[in-house]
Amino acid sequence: MEFKKKLKTRLYVAIAFIVLGIIMITSTFIVKTDNHFVSSYGLALVIMGIARLKKHFIITKDDATIKKQEIRESDERNVSIQQKAKSAAFMVYLLLSCVVVIVLSFLALHEIARWISLSVCLLIVIYWIFYL
């Protein structure tokens, strides 16, 4: 029953993505600005929401597929692989960002280097918060 609640939450998130995306797209027509970032981001949210809805309906078409998905997500081996992948992605991002900050500093692009270093700091602060 716990996994079905998780699936229902994912459904609500997908619907929220679609609604938020539509709001962002329509807001660009109301405000009439040349900045197309908001409408592009809204379109990306709508597409992500539709993809999540499609995946949700595929998973929930019968009890057998729900059970298979639950096993896929709760199997200790899969969870371990996911954790290792997240950890590796975190470390690669941190190391690449630090190298980019150093290179940008040598190229006298201090403003861009500052923003990247702030993203690294924010990521580490978020990590510490969740670790504690």
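What counts, and at which threshold
Residues numbered from 1 in each chain as written. Predicted model: local features only at pLDDT ≥ 70, side-chain atom pairs only at ≥ 80, totals over all residues. Heavy atoms only, no water. Axes fitted to C-alpha atoms, helices over the stretch in contact; angles between N-to-C directions. Helix = DSSP H or I, 4+ residues; strand = E, 2+ residues; numbered from the N terminus. Parallel < 35°, antiparallel > 145°, perpendicular 65-115°, else oblique. Left-handed = near helix turned anticlockwise from the far one by under 90°. Nonpolar A, V, L, I, M, F, W, Y, C, P; charged D, E, K, R; others polar. Phe/Tyr/Trp six-rings, centres within 6.5 Å; stacked < 30°, edge-to-face > 60°. Buried < 20%, exposed > 50% of the residue type's maximum accessible area, 1.4 Å probe, protein only. Salt bridge = Lys/Arg side-chain N within 4 Å of Asp/Glu carboxyl O. Expected span 1.5 Å × (residues − 1). Contact = heavy atoms within 4.5 Å. pLDDT = per-residue confidence, 0-100.

Some points on the packing of helix α1 (residues 2–31) against helix α2 (residues 37–59)
Orientation of α1 relative to α2, taken along the N-to-C sense of each, is 155°, at an axis distance of 7 Å. In terms of orientation, α1 and α2 fall into the roughly antiparallel class. For α1 against α2, the interelement crossing comes out left-handed. Each residue belonging to the contact of α1 with α2 can be placed in one class, and the counts come to 20 nonpolar, 7 polar and 1 charged.

Quick look at the packing of aromatic side chains
Under the criterion given, the structure shown has 3 aromatic pairs. Between Tyr127 and Tyr131, the aromatic rings sit 6.0 Å apart at their centres with planes inclined by 25°, giving stacked as the arrangement. Residue Tyr127 and its partner Tyr131 are both found in helix α5 (residues 110–131); the two are separated by 4 residues, about one turn of the helix. The class of Tyr131 is exposed, set by a relative accessible area of 63%. Aromatic rings pair up to connect Phe90, Tyr127 and Tyr131 into one cluster.

Some points on the pattern of salt bridges
Counting across every chain of the model gives 5 salt bridges. A salt bridge links Asp63 to Lys4, with the nearest nitrogen and oxygen atoms 3.8 Å apart. Separated by 59 residues along the polypeptide, Asp63 in helix α3 (residues 63–74) and Lys4 in helix α1 bring together distant segments of the chain. In this structure Asp63 comes out as exposed when scored by relative accessible area, which is 57%. One network of salt bridges, in which partners are shared, links Lys6, Arg10 and Glu73.

Comments concerning α2
Its 23 residues give α2 an end-to-end C-alpha distance of 33 Å, which sits within 8% of 33 Å, the value for a rise of 1.5 Å per residue. As for α2, its buried residues are in contact with α1 and α3.

Some points on the side chain of Ser39
Here Ser39 is to be found in helix α2. Since its relative accessible area comes to 18%, Ser39 is described here as buried.

What to know about the confidence of the model for the protein chain
This prediction gives the protein chain a mean pLDDT of 89; 99% of its residues lie at or above 70. For the protein chain, the element scoring lowest by mean pLDDT is α3, at 84; α2 scores highest, at 92.

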